[in-house]
Every structure is written in C-alpha cells, then in structure tokens.
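Chain by chain, the residues:
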Amino acid sequence: NRECLALTFEVFVNRHNGDVLDLKVVPSIVSNLRRVTYKTTEDLLRMKDGEKLPSHLSSVYSQLNQLFKLALVRRRQRLLNGALVLPRTNIGVSVQCDPHRPDIPPLITLSNASDVFRSQILVEECMLLAGHATAKLALEYVIFITSNR
C-alpha cells in the first residue's frame, strides 16, 4: 500500500433534508486504499439485511449503505428544488433496408435500456457534493477556477 497526497472534501449533511450543514476541504494522505468496483458496489447496495457477505466487505457494506441513504435524501431534495436528472440510457439503433428496393425507405428501430443503478446514484451525488464544496470555497476565498479545454 502506498500513500497518496490528496484533498479530502468533508461535507456534513443533514440526514433528514439533505442540506449541507458544513464543509471543509483539507489536505490529507490517503493510505490503505480499498477499491470497490461499480458492480461490487451495486451488489452490496442491493443486498438484503441478513444476507451472507464476505468478511472483508462488512465494513464497506455499512459505509456504502449509509452513504447511499444520504445520497437518496440529497437527490430527493435536489429534485424537489427543481433539479433535472437526465436518464442514463444505452440507445441502440438498428437500420434495416432492402438493397433490391431502394424506393422503400429504411426501417429505423431504436431500443432503450435505461436501468438506474444505485452505484451510479451514489457516485453522482458524491460528485455533486464535491462540486458544491469546491464552488462554495472558491467563492468564499475568491479563487478563480478555469478549465484547460
């Protein structure tokens, strides 16, 4: 395990209404990093209480569930305040045509798979909170943030 320098966003959220109570950005050293894939996160978030889970994931399970509950509160509050959530869809396009009949227009079929994954909601809400913290602190300390694009 190697140590990495980082900035840690500490965001304190009211668990009932999702309001940001306090926030801090502090320099930190990250060590003992545990990577969890979207699939593992999704599987953990969909587990029912009492299901058997590997011992090395028990602490991650409770932390993810607490974070997910806060993410849902934040999301609900953002939606009540007029936020727009764009669906993540995988759109398939199929074009069928008869090469012997160019006078007949092609048949275009769209298919849609718009599953909403809990792991994506969790990451989305955490990233929005980090962006909120960054913007608030930039305004407070008059820091100009630019993009290289």
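How each quantity is defined
Residue indices follow the written sequence of each chain, beginning from 1 at its first position. The model is predicted, so local features are restricted to residues of pLDDT at least 70 and side-chain atom pairs to those at 80 or more, both for listing and for counting; the totals for chains, interfaces and linings are taken over all residues. Hydrogens and waters are ignored; side-chain quantities use all the structure's heavy atoms. A fitted line through C-alpha atoms serves as each axis, taken over the contacting stretch for helices, and the angle formed by two N-to-C directions is quoted from 0 to 180°. Working definition: helices are DSSP H or I runs of at least four residues, strands are E runs of at least two. Numbering for both runs from the N terminus. When an angle is under 35 degrees it counts as roughly parallel; over 145 it counts as roughly antiparallel; between 65 and 115 it counts as roughly perpendicular; any other value is oblique. In this scheme, a crossing is called left-handed if the near helix is turned counterclockwise away from the far one by less than a right angle; it is called right-handed if the turn is clockwise. Throughout, a contact is declared for two residues whenever any of their heavy atoms are within 4.5 Å. Cysteine sulfur atoms are paired as a disulfide whenever they come within 2.5 Å of each other. Two strands are counted as paired when DSSP detects at least two bridges linking them. For every residue, the predictor states its confidence as a pLDDT score lying anywhere from 0 to 100. Here a cavity denotes grid points, spaced 1 Å and computed from the protein atoms alone, that fit a 1.4 Å probe unable to get out, and a pocket denotes an open set having protein on both sides within 12 Å along at least 5 of 7 lines; residues with an atom within 4 Å of a point are the lining. Grid points are joined across faces, edges and corners, and a volume is the space filled by probe spheres set on the points. As a working rule, the residues Ala, Val, Leu, Ile, Met, Phe, Trp, Tyr, Cys and Pro are called nonpolar, Asp, Glu, Lys and Arg charged, and the rest polar, with Gly in that last group.

**Things to note about the packing of helix H2 (residues 58–80) against helix H3 (residues 118–140)**
Interhelical geometry of H2 versus H3 gives an angle of 70° and a closest axis separation of 9 Å. As judged from the angle between their axes, H2 and H3 are roughly perpendicular. As for how H2 packs across H3, the hand of that crossing is left-handed. Contact with H2, carried on its side by Leu-64, Leu-67, Phe-68, Ala-71, Leu-72, Arg-74, Arg-75 and Arg-78, involves Arg-118, Ile-121, Leu-122, Glu-124, Glu-125, Leu-128 and Leu-129 of H3 and no other residues of that element.

**A short note on the state of the cysteines**
Tallying each qualifying case throughout the model produces 0 disulfides. Note on Cys-126: no disulfide assigned, nearest cysteine sulfur contributed by Cys-4 at a separation of 19 Å.

**Notes on the pairing of strand S2 (residues 20–30)**
In the case of a regular strand, side chains alternate between the two sheet surfaces. Across 10 bridges, the pairing between strand S1 (residues 4–13) and S2 is antiparallel. Pairing of Cys-4 across the sheet is with Val-30, part of S2. Between S1 and S2, which pair antiparallel in sequence order, lie 6 residues; one of them, Gly-18, sits at a positive phi of approximately 80°.

**Notes on the confidence of the model for the protein chain**
Averaged over all residues, the pLDDT of the protein chain equals 85, while 93% of them reach at least 70. Mean pLDDT in the protein chain bottoms out at strand S4 (residues 107–113), which sits at 75, and peaks at H3, which reaches 91.

**A few points about the layout of surface pockets**
Computed from the structure, the largest pocket encloses a volume of approximately 920 Å³. Taken together, 23 residues form the lining of the largest pocket, with Leu-33, Arg-34, Leu-64, Leu-67 and Cys-126 sitting closest to its centre. Every element with two or more residues in the lining of the largest pocket is listed here: S1, S2, helix H1 (38–45), H2 and H3. Per element, the largest residue contribution to the lining of the largest pocket is 6 residues, and it comes from S1. Class assignment of the residues belonging to the lining of the largest pocket gives a composition of 15 nonpolar, 5 polar and 3 charged. As a volume, the second largest pocket reaches approximately 300 Å³. Looking at the second largest pocket, it is lined by 14 residues, and the ones nearest its centre are Phe-9, Val-11, Leu-67, Cys-126 and Leu-129. Mapped by element, the contributors of at least two residues to the lining of the second largest pocket are S1, H2 and H3. The leading source of residues in the lining of the second largest pocket is H3, at 6 residues. Of the residues belonging to the lining of the second largest pocket, the class tally is 12 nonpolar, no polar and 2 charged.

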